[in-house]
Amino acid sequence: MARSSSGIVAGLTAAALAAIGFLGYQASATAPERPPQAAGPQEPAPAPSQAAGKQDPAKPVPVPEGSGSGVRVVYSVGQKRVWLVGEAGQEPRSFAVMPSTVHPKAGSYLVGSRSGSVTGSDGVPVEHVVRFATTEGVVIGFSARVDGTTPEPDPNRKTGGIRMTKADGDAMWAFATINSKVVVVP
């Protein structure tokens, strides 16, 4: 026996309404009793970068005051950040780094040596090593791990590798040649 098309449509409509009703019930059963209140004018919501405690990636991180002038690499131990400051008028490149366990003292240094690839003071293969200081008998320099990671160093080992991503390591390698100025700020 054949069904009429209107009977099929009526059946499908009833099934769709039942499904929508069930989904609506599920949504209301899992919703909070009171939705969160929007921040009023007396209590503004924090900006996403402030809430996460990080710099807004759309805005450049300013070069620290007191870091000198001219073409230079600026390394802030406290901010765990590096700036590659080029010629006047060029926007500095800035990126986060993972500091070593031994930190250089604040001051001005020159890049003294570079290596394309070596084993770091922590026993890890690294590339684009740019060395600029020695502190507590440990050589300090910028480098990128060959595997591309930037984990925190073992706090029980004296290491001097200030680690960065491979892309940032490439930029450092191209920028910081022998006798390039490196300024370390707290």
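All of these numbers come straight from a predicted model, not from anything done at the bench. Residue numbering note: each chain is counted from 1, following its sequence as written. Two thresholds apply to this predicted model, a pLDDT of at least 70 for residue-level local features and 80 or more for giving and counting side-chain atom pairs, whereas whole-chain, interface and lining totals are computed over all residues. With hydrogens and water excluded, all non-hydrogen atoms of the structure serve as input to the side-chain values.

**Q** Tell me about the overall build of the protein, and please be specific about residues and values.
**A** Under the DSSP-based scheme used, a helix requires at least four consecutive residues in state H or I and a strand at least two consecutive residues in state E, with every element numbered from the N terminus. For the protein, the helix and strand inventory stands at three helices and nine strands. A contact between two residues is defined here by any heavy atoms of the two lying within 4.5 Å. In the protein, the proportion of contacts linking residues at least 24 apart, taken out of those at least 6 apart, comes to 51%. Note on areas: Shrake-Rupley with a 1.4 Å probe; residue coverage comes only from the protein chains shown. By element, 57% of the accessible surface of the protein is carried by carbon and sulfur atoms, the whole surface being about 11700 Å².

**Q** Lay out the sheet that holds strand E1 (residues 72-76) with the relevant residues and their values.
**A** Pairing between two strands is assigned when DSSP locates at least 2 bridges connecting them. Strand order across the open sheet formed by five strands is E3-E2-E1-E9-E4, with mixed pairing between neighbours. In this open sheet, the two strands that pair with only one neighbour each are strand E3 (93-96) and strand E4 (107-110). Looking at each pair of strands side by side, their axes are set apart by 20 degrees on average, direction ignored. Sheet analysis places E4 next to strand E9 (residues 181-185), joined by four bridges and oriented antiparallel. Residue pairing in the sheet places Leu110 in a bridge with Lys181 of E9. Axis lines are fitted to C-alpha atoms, over the contacting stretch for helices. Their N-to-C directions set the angle, which ranges from 0 to 180 degrees.

**Q** Kindly report on the pairing of strand E5 (residues 113-119), identifying the contributing residues and their values.
**A** Two elements, E5 and strand E6 (residues 125-135), share six bridges in a ladder whose sense is antiparallel. Among the inter-strand pairings, Ser115 is bridged to a residue of E6, identified as Val129.

**Q** Before we move on, can you summarise the environment of Ser121 with the specific residues and values?
**A** Following the sequence through the fold, Ser121 ends up in the loop between E5 and E6. Setting aside its immediate chain neighbours within four residues, Ser121 contacts Arg157, Thr159, Gly160 and Gly161. Nitrogen and oxygen atoms within 3.5 Å of one another constitute a polar contact, given that in protein one can donate a hydrogen and the other can accept it, and given that sequence-neighbouring residues count only through two side-chain atoms. For Ser121, the side chain forms a polar contact with the main-chain nitrogen of Gly160, separated by 3.3 Å.

**Q** Tell me what's going on with the nonpolar core, and back it up with residues and numbers.
**A** In this text, buried Ala, Val, Leu, Ile, Met, Phe, Trp, Tyr and Cys residues form a nonpolar core when linked through side-chain atoms within 4.5 Å. Three labels apply to residues, based on accessible area from a 1.4 Å probe with only protein chains included: buried if under 20% of the type maximum, exposed if over 50%, partly exposed otherwise in between. If you look at the biggest cluster of nonpolar residues, it comprises 23 residues, and the most contacted ones within it are Val73, Val82, Phe132, Phe142, Met172 and Val182. For this core, the elements supplying multiple residues, two or more each, are E1, strand E2 (81-85), E6, strand E7 (138-145), strand E8 (161-164), helix H3 (166-175) and E9. Among the elements that make up this core, the one with the highest residue count is E7 (four residues). Those residues within four positions of Val182 in sequence are excluded, and the remaining contacts are Val73, Gly107, Ser108, Tyr109, Val111, Phe132 and Phe142. The next biggest cluster of nonpolar side chains, apart from the first, holds six residues, and it includes Val61, Val74, Val85 and Val183.

Everything listed is a geometric property; what it means functionally is a separate question.
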